[in-house]
Structures are given as C-alpha cells and as structure tokens.
Amino acid sequence: MNTVINQQTTPEKKNFDFVDTIRCISMFGIVFEHSAVLWGIKYSAIGDTWLQVVTMQFWKFATIAFFLIGGFLINYKFTEYTPGQYLVRRFKNTIKPWLFWIFFLVIATLIQRIIIASRGGDAVFLTSPLAYFTEEFRYILFESSFWFILNFLICISILLIFKKHLYKLWFGLIWAAVSLIYSVNLYFEWFVTHHSAALFGFVFYLWLGVYLNRYYEQVMNYIKKIKWSYVAIVNVLFFLLSCLEVIYLAKHGSKDEYNTLRISNILYSLSMFVLLLKMGSVKFIDRNLEPRKTTFGIYLLHQILIIRLMPEIFKWNKWNTTTFTVTENILYSILRFTLVYGLSFFLTRLLLKTRLKWTVGG
C-alpha cells in the first residue's frame, strides 16, 4: 500500500512547483493590501477614484487564491494523517508561532504605552492593565490579519469533521452557497460585513483547492487548452466588474466596499487563479524568495511591522494621507509595501537560521 502511494505522489509533486509561485504572489497581494494607505479616503474626482480602486482591486484575488492553494496542499495531509494527528501537527507548526507573535505584538504595544505614560502621556491603561491587555489581544485577534490564521484553521477543522464527504460535489456546493450569503449580505447588511464575521465564508475555497488537487491532471489538461487571449480577456472583464462593484457599494453607503467575498471579486479571484495555474512556476521567485520556507513568517511578521514600526518611520504630521494626491498615496503605499515585505522577508530568513525558527514555521 505504501509503495503504491509513493509511486503516485512522487511524480505528481514534480508538477507542483507552481504552488510556491502562487503562494508567493498571493502573499505580495496580502502584504500590499495591508500596507496600503488608500483605505477609506474619498476623492471627489472620478479619475482619482478610479486610480484608487484599480490600485486596491488589482491584488484582491490574493486571499481567495491563498485559501485555494492551502486546500490544494492539505489534500494529501488528510489522507496521510488522522484528524487528531493532523491537528497536533498544525498546533506545532501553525498555532504556536501564531500565538507567539500575537503575544509579542500585545506586549510591544504595552511597552509603547508605558513609554508614552512615562513621558507624561495618556496613562489611563495603567489603572486596569489586565483589561487593556485583554482588549489589545481581542483587537489583534479579530481586527488584524492574524484573524485569517484562526479562520483558516476553522475551515480546515470543518473539512476534517466532514472528511467522508470531502470529494462530493454537493458538499462543496453547500459551502459555495454559504459564501454567496456573505456576498449578498454586502447589499442588505443582515449582519455585520466585517471580515471576522465571515467565519464560514472561506470554507468553499479551501474545499475547492482540495477538489482541484484530486482532479489536478484533468483540470490542467483543460486549462492548457484555453488560449491565453481568452484568459486575459476574462480576467480584464472580471477585474473591471470588481472595480465597478466597489464604486457602486461605496456610492450606496457601504463601509466594506472592498470586501473579499464580493461576487465580482470571487469571479476575479478564480479567473486569476486559472491564469496563475496556466502561467506555472516562476523559477526566479521560487529560487530567490523561497516561498515554501518564508511565506508563513512573512505573514506573521508583516502586521507587526505595519502596526508598530511604520508609524515610527512615517510620522503622521509629515505623512498626512488626507493631504496627498491619489498618485502620492499610491506611491506611498508602494513604498510601505516594499519596506514591510522586505523587512518581513529579511527577518524570516534570519530567524530560520536560529533556534527561534519555530516562530516562523521552520
């Protein structure tokens, strides 16, 4: 039995080089999205609005693509380990580093508040440090990008619970319907639209990644037959549709117009994923950025740098985004992305060479 498994998986793994490329490109998008300063700014000129929306929308495929590639990667793990064994491995490789950096960020914030208080600043938090600590922990867990690690684990747990139905289409369709409920809710607001409320909104994309892995050869044979011109046209159309939906939602008072689970963005993300599959592995990325080793560390560290370091580098009295033109804010966002991604990559590589490599999944 083991011999059969090895014979099947060895040649397939040689064809999975594209995974690292997609993982790295998706992380570019996630870090840029979190580094950008264009959120919430309203421009009066339609040209400025379009520049803003185009810049932000371009990378909005990244989160769904990351769940898709995550599902693709965990398919074999589900067959190699029991649910208990798999969750134990996840605790060691994912939950421990995640908790470590959450506590690191909370403590760093507390230290900053103590320094401010010692200089005569606001010292209200000192009257109830436990309450302050609890609130900071809640904020970081639910309001920052750290939430998506927990969301990812919840999605995996759901797939594990219903493991015997994993490869049944009706099971996937149920979760597709759940995801679409979040899409429709953006227009009716039956419940809050914040990303932490989308508890089950991403299960479908994780499942779809698992399903894609199972039928990988058939899917790739089909994708290879599609002309590049068709893929490009479909992506441009879905991209423009996504931009229009952002503008429409903003015009009608939505406070979450860039929500990842917009119907148009789902279509754009899926078409971009097809484009990335068709493109395949980019050797320069795989060789120089080592996404298999560094991606998780970059994800954990980049939010800390955004919250704690960027405000110290770019003092707000000198870098006031409300007074910048849209072009200046786009360039400012690119500068922040370059610094955040570069430092996250450097620190991850550094930690991987030490005994603390476990903190970045090493």
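None of these values were measured; they are calculated from a predicted model.

1. Concerning the nonpolar core
Next, step 1: Counting 99 residues, the largest nonpolar core has Phe18, Phe146, Leu159, Phe202, Tyr205 and Tyr341 as its most contacted members.
Next, step 2: Ignoring any residue separated from it by four or fewer positions in sequence, one finds tyrosine 341 in contact with Cys24, Met27, Phe28, Val31, Leu289 and Ile298.

2. Re the pattern of salt bridges
Next, step 1: Considering all chains together, one arrives at nine salt bridges under this definition.
Next, step 2: The closest approach of N and O atoms between glutamate 143 and arginine 138, which form a salt bridge, is 3.5 Å.
Next, step 3: We classify glutamate 143 as partly exposed; its relative accessible area is 30%.
Next, step 4: Residue classification places arginine 138 among the partly exposed positions, given a relative accessible area of 32%.
Next, step 5: When salt bridges that share partners are traced, they join Asp20, Arg23 and Arg292 into one network.

3. Considerations on unusual backbone geometry
Glycine aside, residues mostly have negative phi angles, and peptide bonds mostly take the trans form.
Next, step 1: Its identity is not glycine, yet glutamate 189 carries a phi of approximately 50 degrees, on the positive side.
Next, step 2: With respect to the helices, strands and loops of the structure, glutamate 189 is situated in the loop between helix 8 (169-188) and helix 9 (203-214).
Next, step 3: Of the residues examined, glutamate 189 reaches a relative accessible area of 47% and is grouped as partly exposed.
Next, step 4: At glutamate 290, a position not held by glycine, the phi torsion is positive, near 45 degrees.
Next, step 5: Within the fold, glutamate 290 resides in the loop between helix 13 (283-288) and helix 14 (291-313).
Next, step 6: Residue classification places glutamate 290 among the partly exposed residues on the basis of a relative accessible area of 23%.

4. Side note on the packing of helix 14 against helix 15 (residues 326-351)
Next, step 1: At a minimum axis separation of 8 Å, helix 14 and helix 15 run at an interaxial angle of 125 degrees. By the angle between their axes, helix 14 is oblique relative to helix 15. Regarding helix 14 and helix 15, the two cross each other, and that crossing is right-handed. Contact residues: helix 14 offers Lys293, Thr294, Gly297, Ile298, Leu301, His302, Leu305, Ile306, Leu309 and Met310, while helix 15 offers Arg336, Leu339, Val340, Tyr341, Leu343, Ser344, Phe345, Leu347, Thr348, Arg349 and Leu351.

5. Points about the confidence of the model for the protein chain
Next, step 1: A residue-level look at the protein chain finds 91% of positions with pLDDT of 70 or above and a mean pLDDT of 88.
Next, step 2: Confidence drops under pLDDT 50 across residues 1-14; counting only partners more than four residues distant or on other chains, this segment forms four contacts.

6. A word on helix 8
Next, step 1: For helix 8, which comprises 20 residues, the first-to-last C-alpha distance of 29 Å matches the rise-based estimate of 28 Å (1.5 Å per residue) to within 8%.
Next, step 2: Every buried residue of helix 8 is listed here: Phe171, Gly172, Trp175, Ala176, Ser179, Tyr182, Ser183, Asn185 and Leu186.
Next, step 3: Buried residues along helix 8 sit against helix 7 (147-161), helix 9, helix 11 (228-251) and helix 12 (263-279).

7. A word on a nonpolar patch on the surface
Next, step 1: Taken together, the side chains of Ile181, Tyr187, Phe188, Trp190, Phe191 and Tyr248 define a hydrophobic patch exposed on the protein surface, amounting to about 660 Å² of accessible area.
Next, step 2: A per-element tally of the nonpolar patch places helix 8 first, with three residues.
Next, step 3: Relative to the elements of secondary structure, phenylalanine 191 occurs in the loop between helix 8 and helix 9.
Next, step 4: Under the relative-accessibility criterion, phenylalanine 191 is labelled partly exposed at 32%.

Basis of the calculations
- Residues numbered from 1 in each chain as written.
- Predicted model: local features only at pLDDT ≥ 70, side-chain atom pairs only at ≥ 80, totals over all residues.
- Heavy atoms only, no water.
- Core = buried A, V, L, I, M, F, W, Y, C linked by side-chain atoms within 4.5 Å.
- Buried < 20%, exposed > 50% of the residue type's maximum accessible area, 1.4 Å probe, protein only.
- Contact = heavy atoms within 4.5 Å.
- Salt bridge = Lys/Arg side-chain N within 4 Å of Asp/Glu carboxyl O.
- Helix = DSSP H or I, 4+ residues; strand = E, 2+ residues; numbered from the N terminus.
- Axes fitted to C-alpha atoms, helices over the stretch in contact; angles between N-to-C directions.
- Parallel < 35°, antiparallel > 145°, perpendicular 65-115°, else oblique.
- Left-handed = near helix turned anticlockwise from the far one by under 90°.
- pLDDT = per-residue confidence, 0-100.
- Expected span 1.5 Å × (residues − 1).
- Patch = residues over 30% accessible without salt bridge, like charges linked within 9 Å, V, L, I, M, F, W, Y side chains within 5 Å.
- Areas by Shrake-Rupley, 256 points an atom, 1.4 Å probe, with all protein chains shown as cover.

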